[in-house]
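# Descriptive structure summary
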Amino acid sequence: MINRVAGVFARRGYNIESLAVGLNIDKAIFTVVVIASDGDCAKLIKQINKLAKVRKVENVTDKMCVERGLMLMKVEAKPEQRTELAELAKIFRASIVDSSPTSLTMSTVGDPGKNRAFQQACLKFGILEVARTGKLALKREPVFSESRRRRVKLMEAMKEARAAVAGLRGNSGSEKEELIASRIVRAVANMGEGGDGELNIGDTYAAMEDGDGSGVWDVPVLNAQYQGAGESGGVDMSDGIPKMDPNAKYTPHTISIVVMNKPGVLDVVTGVFARRGYNVQSLGVGPERTFDISRISTVVPGTFDDITKLLRQLLKVPYVISAEDISRTPFVERELMLIKVVCPRQMRGELVDLCNIFRCKVADVSEDTVTIEVTGKVSKIGAIQSLLEPYGILEVARSGRVALPRDSGVDSKLLAAIEDEGDLEFE
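Nothing here was measured: the structure is a model prediction, and the numbers come from that model.

Topologically, Arg398 is positioned in strand β15 (residues 393-398). For Arg398, a relative accessible area of 3% corresponds to the buried category. A sequence separation of 61 residues divides Arg398 from Met337, and the C-alpha atoms of the two residues are 4.4 Å apart. A distance of 2.9 Å separates a polar atom in the side chain of Arg398 from a polar atom in the side chain of Glu335.

Turning our attention to the pairing of strand β16 (residues 402-405). Burial along β16 is two-sided: the residues Val402 and Leu404 and Ala403 and Pro405 are all buried. One ladder, built from four bridges, connects strand β12 (residues 331-342) with β16; its direction is antiparallel. If you follow Phe331 over to β16, its bridge partner there is Pro405.

Attention shifts here to the pattern of salt bridges. All told, the structure shown has 15 salt bridges when counted by the stated rule. Glu288 is the salt-bridge partner of Arg289, the closest N and O atoms lying 3.5 Å from each other. Classification of Arg289 as partly exposed rests on a relative accessible area of 44%. Look at the salt bridges and you will find they share partners, linking Lys74, Glu129, Glu288, Arg289, Arg295 and Asp407 into a network.

Checked against the element boundaries, Phe291 lands in the loop between β9 (282-287) and β10 (293-302). Classification of Phe291 as partly exposed rests on a relative accessible area of 45%. Spatially, the C-alpha atoms of Phe291 and Asn261 are 7.2 Å apart, while their sequence positions differ by 30 residues. Beyond its immediate stretch of four places on either side in the chain, Phe291 contacts Arg116 and Asn261.

For Tyr319, which is not glycine, the phi torsion reads 75° and is therefore positive. Mapped onto the elements, Tyr319 comes out in the loop between α8 (304-315) and β11 (320-325). Positive phi, close to 55°, is recorded for Arg359, a residue that is not glycine. Arg359 gets classed as exposed once you look at its relative accessible area, which sits at 75%.

Within β12, twelve of the twelve residues are buried, which leaves it mostly tucked inside the rest of the structure. Burial of the side chains of β12 extends over both faces: Phe331, Glu333, Glu335, Met337, Ile339 and Val341 are buried on one face and Val332, Arg334, Leu336, Leu338, Lys340 and Val342 on the other. Sheet topology places β12 next to strand β14 (residues 369-376); eight bridges connect them, and they run antiparallel. Looking at the pairing, Leu336 lines up with Thr375 of β14. Looking at chain direction, β12 and β15 are connected through five bridges and run antiparallel. Bridge pairing in β15 links Leu338 to Ala397.

Time to look at the nonpolar core. Counting 34 residues, the largest nonpolar core has Ile257, Val269, Phe273, Leu283 and Leu314 as the members making the most contacts within it. Every residue in contact with Leu314, bar those within four places of it in the chain, is listed here: Ile257, Val269, Val272, Phe273, Val320 and Ala323. Within the second largest apolar cluster, 18 residues are counted, among which are Cys355, Val374, Ile381 and Ile393.

In this structure, Arg406 sits in the loop between β16 and α11 (412-417). From its side chain, Arg406 meets the backbone oxygen of Phe331 in a polar contact 3.5 Å long. Setting aside chain neighbours within four positions, we find Arg406 in contact with Val97, Asp98, Pro330, Phe331 and Val332.

Once that is clear, we can look at a nonpolar patch on the surface. Together, Met260, Tyr319 and Ile321 give the surface a local cluster of nonpolar side chains, amounting to about 280 Å² of exposed area. Secondary-structure assignment places Ile321 in strand β11. Given a relative accessible area of 45%, Ile321 falls into the partly exposed group.

Bringing the state of the cysteines into the picture now. Counted according to the given criterion, the structure contains zero disulfides. Free of any disulfide, Cys343 has its nearest cysteine sulfur in Cys355, 8.9 Å distant.

As a further point, take α8. In this model, α8 (twelve residues) spans 17 Å end to end at C-alpha, consistent with the 16 Å of a helix rising 1.5 Å per residue. Within the sequence span of α8, burial applies to Phe304, Ile307, Leu310, Leu311 and Leu314. One side of α8 carries all its buried residues, which in axial view fall inside an arc of 115°. Turned more than 90 degrees from where α8 packs its buried face, Asp305, Lys309 and Arg312 sit exposed. Against the buried residues of α8 lie β8 (251-260), α7 (265-275), β10 and β11.

Definitions and limits used
- Residues numbered from 1 in each chain as written.
- Predicted model: local features only at pLDDT ≥ 70, side-chain atom pairs only at ≥ 80, totals over all residues.
- Heavy atoms only, no water.
- Helix = DSSP H or I, 4+ residues; strand = E, 2+ residues; numbered from the N terminus.
- Buried < 20%, exposed > 50% of the residue type's maximum accessible area, 1.4 Å probe, protein only.
- Polar contact = N/O pair within 3.5 Å; in protein donor to acceptor, adjacent residues only side chain to side chain.
- Pairing = 2+ DSSP bridges.
- Salt bridge = Lys/Arg side-chain N within 4 Å of Asp/Glu carboxyl O.
- Contact = heavy atoms within 4.5 Å.
- Core = buried A, V, L, I, M, F, W, Y, C linked by side-chain atoms within 4.5 Å.
- Patch = residues over 30% accessible without salt bridge, like charges linked within 9 Å, V, L, I, M, F, W, Y side chains within 5 Å.
- Areas by Shrake-Rupley, 256 points an atom, 1.4 Å probe, with all protein chains shown as cover.
- Disulfide = S-S within 2.5 Å.
- Expected span 1.5 Å × (residues − 1).
- Arc of directions from axis to C-beta.

Limitation: the analysis is restricted to geometry and does not speak to function.
Next up, the structure:
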């Protein structure tokens, strides 16, 4: 799907400035930034709407939106410069996510202007690596909106349908109940019906099919602990902590690709994945230290041998500078999500308390909705999204994961697996 969307822009000679793709249970949301005239943009939207599985395409350039972007930046840090860098991070509300004797890795979230200003302020220290997501945008809600009122009523009907289905089956919370309730509400609301009368609830992959076949499509993208099924038929849980099995059939791999910023390069890179049948679970594209170079961060399920062959093929693509699988080394990864939920006035305090627990931010408020900005690991993103479902989720935009290797060499997964501090040896 990513390859087909990128191909629409490549075939017409447009260079994608940034791209963010995040998967949810039954859909993928693309946020694309491209330089074009209003007329050309209308033609692009018309062509993308012709693609299979595309539900809606909208140009939100001239509309009031909540715009956010996530950036990971690794900066040279001498001992005498660390205090100044820490103060600079406080000014831009950035967080230090990794520290080594020679460098600091910082994470910042904000509009593109803020991230660019933070990068400019750190130039004098020396920037080693930059990984950023594409720009996310959700429309700000007006004071009163008839369409929003209908959506809020639909979410309330969804809650009642879930409760009714759970009562009939006597087992609440299963995926089948969620699917049945969704179909009931969509059928009543006349939503999502195809030309043949069937309900099209999936955009990129079948999340709840009954088939017995297994493959890359069955890797649960929202489960951060999933490491694939090895020869033993499951994940190694000998000490209660899931581990990556080298013999696993499919495991998620985080791949970092540095390319020259040329029109069509994204289409060529994603074509390498598509021709080999790999399902890209997340994708983030943004400029690196300079605007003539971009970094593509992507997560792809596969075996270790297959990913090694895939990297060899990527290095043969024109304009590709480097490609590496950083999953085998300690790395820091982050993801950004903007989520709009139903929230009446009497529930705002409860929702703000929930945001404080997860260190989230309220980005926009209307009469009966709240837009929340969430940054963190995939497990944190999935956890808060699950907790917000009872309120009623109206819109979700996810950036996909971006990652940089840890210069400190600290492997958080390994430290979590050590139960006894006596196992650590200090010299």
